[in-house]
Amino acid sequence: MKLTIWGAARQVTGSMHLLQLKDYNILIDCGLDYEKETYQEENQYFPFDPADLDVVILTHAHIDHSGNLPTLVRMGFQGQILCTPPTADLSELLLLDSVNIFLSKQQKRSKGKNRSSGPKPLYLQKHVMDTVERFVTVGFHKQFRINDQVTLCFIPVGHLLGAAAIVLTINDEGREKKIAFTGDIGRKNYPVLVDPEVIPEVDFLVCESTYGGKFHSKLETLEQKLVQTINEACVKFPGRLIIPAFSIGRTQALVYALNQIFSKGLLPPVKIFVDSPLAEFATDVYRRHHDLLNEDAKAFYRSKGDEFDFDELSYVQDKKESMSVSNYHEPCIIISSAGMLEGGRIQDHLYYNIQNYYCTILFIGYCAKGTLGHRLLRGDPIIRLRNRDLMVYATIQQTDLLSGHGDHEDLMNTVQQQKVENTRIFLVHGEPKSMQSLSDALTEARYRVDVPEKGEVFEL
Ligand SMILES: [Zn+2]
């Protein structure tokens, strides 16, 4: 069999790996590669004919793993897309959100000019609907026979609801071979999600490396960090705490962590607004797949009720209500998207609060270079919003305690579950520096490691 790494090669986004057996072609993930400003044009074409693929298997719903599926379908892919049930539901939300982002970029660029001057959307809602129709869901831990040659098993890896490592048992012209794709690996004790499980022994492991060489801080717990920040921002002083958060995954983890804090009485009541319609839809998906949440969340549900709803919390739906949140005069916590501050309702909240000494902004995720979030984190004293220069008087803070990725130690543990003499490792999904650190550590542990370039082919 032949493995070609077509995406997330020496970079983070655009996961896409082609596994070719005799007369059967499998694509693992079909993510959007959005490292460049011109990404909509760059993702239009595939280095193979989509019509030649027999099946796609999806690790999880994040756009860098699922976001180019509608283009694949538009370009002639006819087969099924296999994934876990929550991944199907969350992918639908994220792909529809992508269409909205494409349309708003088109409008923004073409403002005042001919409408066609903005970038043409990579795909539209109808292409998302055509894609969603192809989803076939397979539960965790089931041995699912794709055909006479290939059996699939999804193993939970934390990270995001429904996220899975893909383990394939393949009869390659009479010889049994096993290959696993980790997708993104989460971390232990993450709010709401199960811990990553052990990946069974395989011959080949295609492993992510996002946090290679990096270690999460262990000095305090998430609960301690949140209690201390809310205390400073909203209890000691009558201020407000703004938390930019991705609507899917990060917001649900944060809401549950806050629910625990207030239900334990660790702080006096503070009003909390979740201002993102997408977050509310995603929360419903988490409720629908309640059986897949971790034991801690299930025990909380049995004793105290809904993990994602409590007295202090309000979900904000319409835009008018969102404006009134910006002008709410009591101390409060506002959770809104987008996480990196590029677009979304969070920009309104920043516009009205960034010059307020009694405002704290807590970043809970990574902000890519070139984003407004990145400019605030590096300490820019002035930012530009809605054509106005605004002085930054708000306090800026950051924590990695809600990062959805395991760190270097977690990645090493994942690989070291495999026998050093039997398993060949391929590193994907990481900045070159992170990949190098992980590759060095694994080589030192005597693993055979490859760091493939885009389009590199391996005969397995
Ligand atoms: Zn992910």
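Before any of the text, the structure's been laid out above.
Residues numbered from 1 in each chain as written. Predicted model: local features only at pLDDT ≥ 70, side-chain atom pairs only at ≥ 80, totals over all residues. Heavy atoms only, no water.

**Student:** How would you summarise the packing of aromatic side chains if you had to cite specific residues and measurements?
**Tutor:** Enumeration over the complete set of coordinates arrives at 11 aromatic pairs. Measuring from ring centre to ring centre gives 5.0 Å for F102 and Y123, while their planes differ by 85°; the resulting arrangement is edge-to-face. Taken together, the positions of F102 in helix α4 (residues 85-109) and Y123 in the loop between α4 and α5 (125-132) put the pair 21 residues apart, joining distant regions of the chain. With relative accessibility at 1%, the residue F102 sits in the buried group. Seen from their ring centres, F426 and F458 are 4.8 Å apart, and the 65° between their planes marks the pair as edge-to-face. Placement of F426 in strand β20 (residues 424-428) and of F458 in strand β22 (residues 456-459) is noted, with a sequence separation of 32 residues between them. This pair shows no difference in class: F426 is buried, exactly as F458 is. One aromatic cluster is present, formed by Y39, F102 and Y123 through successive ring pairs. Above the face of the Y211 ring, K214 is positioned so that its terminal group lies 5.4 Å from the ring centre. Here the basic side chain of R386 rests over the ring of Y351, its NZ or CZ set 4.3 Å away from the ring centre. (Phe/Tyr/Trp six-rings, centres within 6.5 Å; stacked < 30°, edge-to-face > 60°. Helix = DSSP H or I, 4+ residues; strand = E, 2+ residues; numbered from the N terminus. Buried < 20%, exposed > 50% of the residue type's maximum accessible area, 1.4 Å probe, protein only. Lys NZ or Arg CZ within 6 Å of the ring centre and 35° of its normal.)

**Student:** Provide a residue-level description of the sheet that holds strand β19 (residues 395-398), including the pertinent values.
**Tutor:** Read across the sheet, six strands follow the order β14-β13-β15-β12-β16-β19 without closing on themselves; strand pairing throughout is parallel. Either end of the sheet is taken by a strand with one partner, and the two such strands are β14 (313-315) and β19. Between one strand axis and the next, the sheet turns by 20° as a mean value, whatever way the strands run. Relative to strand β15 (residues 332-336), strand β12 (residues 240-244) runs parallel, the two being bridged by five bridges. (Pairing = 2+ DSSP bridges. Axes fitted to C-alpha atoms, helices over the stretch in contact; angles between N-to-C directions.)

**Student:** Explain helix α10 (residues 319-326) residue by residue, including any values.
**Tutor:** Within the sequence span of α10, burial applies to S322, V325 and S326. Buried residues along α10 cover an arc of 100° about the axis, so they all sit on one side. Sitting at the head of α10, D318 places a side-chain oxygen 3.2 Å from the backbone nitrogen of K320. (Arc of directions from axis to C-beta. Polar contact = N/O pair within 3.5 Å; in protein donor to acceptor, adjacent residues only side chain to side chain.)

Interpretation in functional terms is not warranted from these geometric data alone.
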